[in-house]
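# Structural overview
As a plain string of letters, each chain reads:
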Amino acid sequence: MKPASIIQLLIFAGLVVLLVFRVSINGWGSLAWAFGIVGLSLIRAPHQRTSDSTPTEKSHQDTTEKLLLAGVSFGSALVPMLHLASGLLRFANYDVTIAVPIAGVAFLLFGLWLFWRSHSDLGRNWSVTLEIREEHGLVTGGVYRRVRHPMYTAIFLIYIAQALLIHNWIAGPAGFVAFLVMYVIRVPIEESMMRERFGEVYERYVAMTGRILPRRKREV
Ligand code: SAH
């Protein structure tokens, strides 16, 4: 394990301990959220290792992409962690009924399932940023059968869960807002990259799928 990952893990473990001690202040939803973040990292870890050792044919990562990724880490991890551990943003807290965090857990579980399935289906073609791998294959099966961006659907579900589990007007929706900005900017670039690489085949795939929600009818 690299020293940076050990430090990351220690900071993370420290914050989780803080969260446990502050659960009476933040509510149990905050713990469910923290477990969700751990689940997300565990699902991604083996795919990150595969990704690190898979050769890239063409990278489309630029400064905008790096800033967007940093914004998402900020809104979905750093801001909520700091707030839950320190009460920094407590002026923006609000109360909810029990149904809200229960709905949050449902969104979180469905989101994590879809996150896991989309990583498995993409296999070695997955990358955290926009890249075409050597011998990149177009995946059109599994959860990609009727939706082109099921991993982004999963991430939206998980960030909706964040808003339902953390009852704060800033730390709750921060992940969703940061990812929405990234989604709006990234998807057209990603789709034109796929069009350039797969041409006609991708066009046909687009005609049969929805972006983040399943297309009702498959056109033949
Ligand atoms: N947008 C997809 C994948 C996100 S990961 C989703 O939300 O599920 C981003 C990488 O996945 C991109 O660099 C692209 O090379 C790759 N990718 C996206 N769709 C793909 C597909 N249908 N088949 C193979 N690779 C794909």
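Located above this text is the structure these notes cover.
In this report, the structure presented in the accompanying data block is examined. Please read these numbers as outputs of a predicted model, since none were measured by experiment.

Our next topic: the site of the ligand. In the region of the ligand, 20 residues are neighbours, and Glu 131, Val 139, Tyr 144, His 149 and Glu 190 sit closest. Tyr 144 has a polar side-chain atom sitting 2.6 Å from an oxygen atom of the ligand. At 2.8 Å, a side-chain N or O of His 149 approaches a nitrogen atom of the ligand. If the ligand stood free it would expose 540 Å²; the protein chains cover 99% of that surface. For the shell around the ligand, the secondary structure elements donating two or more residues are helix 6 (150–165) and helix 7 (174–208). Looking at the shell around the ligand, its residues break down into 11 nonpolar, 6 polar and 3 charged.

Applying the stated criterion to the full structure yields 9 salt bridges. When the shortest N-O distance is used, the salt bridge between Arg 133 and Glu 131 registers 3.2 Å. Take Arg 133: its relative accessible area is 1%, and that puts it in the buried class. Ionic pairing is found between Arg 148 and Glu 191, a salt bridge with its closest N-O pair at 2.9 Å. Placement of Arg 148 in the loop between strand 2 (131–133) and helix 6 and of Glu 191 in helix 7 is noted, with a sequence separation of 43 residues between them. The class for Arg 148 is buried, based on a relative accessible area of 10%. Salt bridges sharing partners connect three or more residues here, namely Arg 148, Glu 191 and Arg 211.

What follows is about the layout of surface pockets. Of the pockets and cavities examined, the second largest pocket occupies roughly 170 Å³. In this structure, the second largest pocket is lined by Ile 25, Asn 26, Gly 27, His 83, Leu 84, Asn 93, Tyr 94, Asp 95, Val 96, Ile 166, His 167 and Asn 168. Looking at the lining of the second largest pocket, the elements with two or more residues in it are helix 2 (23–26) and helix 4 (63–86). In the lining of the second largest pocket, the residues fall into 5 nonpolar, 6 polar and 1 charged.

A few words on the nonpolar core. If you look at the biggest cluster of nonpolar residues, it comprises 49 residues, and the most contacted ones within it are Trp 33, Phe 115, Tyr 144, Met 151, Ile 155, Ile 158 and Phe 179. At the level of elements, helix 1 (3–21), helix 3 (28–52), helix 4, helix 5 (99–122), helix 6 and helix 7 are the ones that each hand at least two residues to this core. Residue contributions to this core peak at 11 residues, all from helix 7. If we skip the residues at most four places from it in the chain, Ile 158 touches Leu 40, Leu 108, Gly 111, Leu 112 and Phe 115.

The next subject is the environment of Val 72. Turning to its location among the elements, Val 72 is positioned in helix 4. The contact partners of Val 72, leaving out residues within four places of it in the chain, are Ala 77, Tyr 159, Ala 178, Phe 179 and Met 182.

Now for the packing of aromatic side chains. Scanning the entire structure with this criterion turns up 9 aromatic pairs. Both rings, one in Tyr 152 and one in Tyr 183, keep their centres 6.2 Å apart while their planes meet at 90°; by these two values the pair is edge-to-face. Note that Tyr 152 is positioned in helix 6 and Tyr 183 in helix 7, a separation of 31 residues in sequence. Its relative accessible area of 13% is what places Tyr 183 among the buried residues. With centroids separated by 6.0 Å and ring planes inclined at 55°, the aromatic side chains of Tyr 202 and Tyr 205 adopt a geometry described as tilted. One end of the pair is Tyr 202 and the other is Tyr 205, both in helix 7 and 3 residues apart, which spans about a single turn. Residues Tyr 202 and Tyr 205 agree in their burial class; the two are buried. Among the aromatic residues, those joined into a cluster by ring pairs are Tyr 152, Phe 156, Tyr 159, Phe 176, Phe 179 and Tyr 183. The side chain of Arg 117 reaches across the aromatic face of Trp 116, ending 5.0 Å from its centre.

Locating His 47 in the fold gives a position in helix 3. What makes His 47 buried here is its relative accessible area of 18%. When sequence neighbours within four positions are dropped, the list of residues in contact with His 47 reads His 119, Ser 120 and Trp 126.

About the cut-offs
- Residues numbered from 1 in each chain as written.
- Predicted model: local features only at pLDDT ≥ 70, side-chain atom pairs only at ≥ 80, totals over all residues.
- Heavy atoms only, no water.
- Near = heavy atom within 4 Å.
- Polar contact = N/O pair within 3.5 Å; in protein donor to acceptor, adjacent residues only side chain to side chain.
- Areas by Shrake-Rupley, 256 points an atom, 1.4 Å probe, with all protein chains shown as cover.
- Helix = DSSP H or I, 4+ residues; strand = E, 2+ residues; numbered from the N terminus.
- Nonpolar A, V, L, I, M, F, W, Y, C, P; charged D, E, K, R; others polar.
- Salt bridge = Lys/Arg side-chain N within 4 Å of Asp/Glu carboxyl O.
- Buried < 20%, exposed > 50% of the residue type's maximum accessible area, 1.4 Å probe, protein only.
- 1 Å grid on protein atoms, 1.4 Å probe; cavity = no way out; pocket = protein on both sides within 12 Å on 5 of 7 lines; lining within 4 Å.
- Points joined across faces, edges and corners; volume = space filled by probe spheres on them.
- Core = buried A, V, L, I, M, F, W, Y, C linked by side-chain atoms within 4.5 Å.
- Contact = heavy atoms within 4.5 Å.
- Phe/Tyr/Trp six-rings, centres within 6.5 Å; stacked < 30°, edge-to-face > 60°.
- Lys NZ or Arg CZ within 6 Å of the ring centre and 35° of its normal.

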